[in-house]
Amino acid sequence: MASLNIMRVLFLSSSNPFPVQGIGGYCGGGWISSLIKLVDNVDGIDVGVAYATDVHEHERNVDGIELLPVFVKPLSGWQKIKLYYGGYRHINNDDYTNGALMAIESFKPDVIH
């Protein structure tokens, strides 16, 4: 009997693609969460999602999908104003970049989307 090779696919996202449904309306998701669920239903594929969040969360597995939160310190009101009027070219993405690299190292994907 041949062994089944498992491919590991890691999605990088700017927000949690599986938000908690709020009261009275749409709370995100969309095509990204649909794609992740579709890929997760394919035999032989393990799926992980690294996403930015301003809340400290732990890695967890939800319905077979490995969620890898990447903490990004929230901006203060002054920083948001400075960013808005100063241009987005001044964004420092070091927190997200370092966190995403740690998620990649932890999950060990074959494919990153």
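Provided above is the structure to which this section pertains.
Every chain is numbered on its own, with residues counted from 1 as its sequence reads. Given that the model is predicted, a residue must reach a pLDDT of at least 70 before its local features are reported, and side-chain atom pairs must reach 80 or more before they are shown or counted; all residues, however, enter totals for whole chains, interfaces and linings. Just so you know, side-chain values use all the structure's heavy atoms and leave hydrogens and water out.

Caption draft 1: Structural detail: the environment of serine 34. Here serine 34 is to be found in helix α1 (residues 31-40). Spatially, the C-alpha atom of serine 34 lies 9.0 Å from that of proline 17, the residues being 17 residues apart in sequence. In this text, helices come from DSSP runs of H or I with a minimum length of four residues, and strands from runs of E with a minimum of two, each type numbered from the N-terminal end.

Caption draft 2: Spotlight on the packing of aromatic side chains. Between 30 and 60 degrees the pair is tilted, below 30 it is stacked and above 60 it is edge-to-face, where a pair is any two Phe, Tyr or Trp rings, Trp via its six-membered ring, whose centres lie within 6.5 Å. On inspection of all chains with the given rule, the structure shows zero aromatic pairs. Its guanidinium or amino end placed over the ring of phenylalanine 107, arginine 8 lies 3.9 Å from that ring's centre, counting from NZ or CZ. Our definition puts a charge over a ring when NZ of Lys or CZ of Arg is within 6 Å of the ring centre and also within 35 degrees of the ring normal.

Caption draft 3: Representation of the sheet that holds strand β5 (residues 111-112) within the structure. Here, any two strands with at least 2 DSSP bridges between them count as paired. Here five strands make up an open sheet; going across it, the order is β3-β4-β2-β1-β5 and the pairing mixed. A strand with exactly one partner marks an edge of an open sheet, and here the two such strands are β3 (60-62) and β5. In this sheet, strand β4 (residues 65-71) lies alongside strand β2 (residues 45-53) in parallel orientation, the contact comprising seven bridges. Residue valine 49 lies in a different strand from β4, and its bridge partner there is leucine 67. Residues count as neighbours in contact if any of their non-hydrogen atoms are within 4.5 Å of one another. Here the axes come from fitting lines to C-alpha atoms, over the contacting stretch only for helices, and the angles between their N-to-C directions go from 0 to 180 degrees. Contacting β1 (7-13), β2 and β4, α1 runs over the sheet at an angle of about 155° to β2. Strands in contact with helix α3 (residues 94-107) are β1, β2, β4 and β5; relative to β4, the strand with the most contacts, it is inclined by about 150°.

Caption draft 4: Examining the pairing of β2 more closely. Type-normalised accessible area, obtained with a 1.4 Å probe on protein chains alone, sets the label of each residue: buried when under 20%, exposed when over 50%, and partly exposed for intermediate values. The buried fraction of β2 amounts to seven of the nine residues, a majority that puts the element mostly inside the structure. Examined bridge by bridge, β1 and β2 share seven bridges and lie parallel to one another. Note on β2: the bridge partner recorded for leucine 12 is alanine 50.

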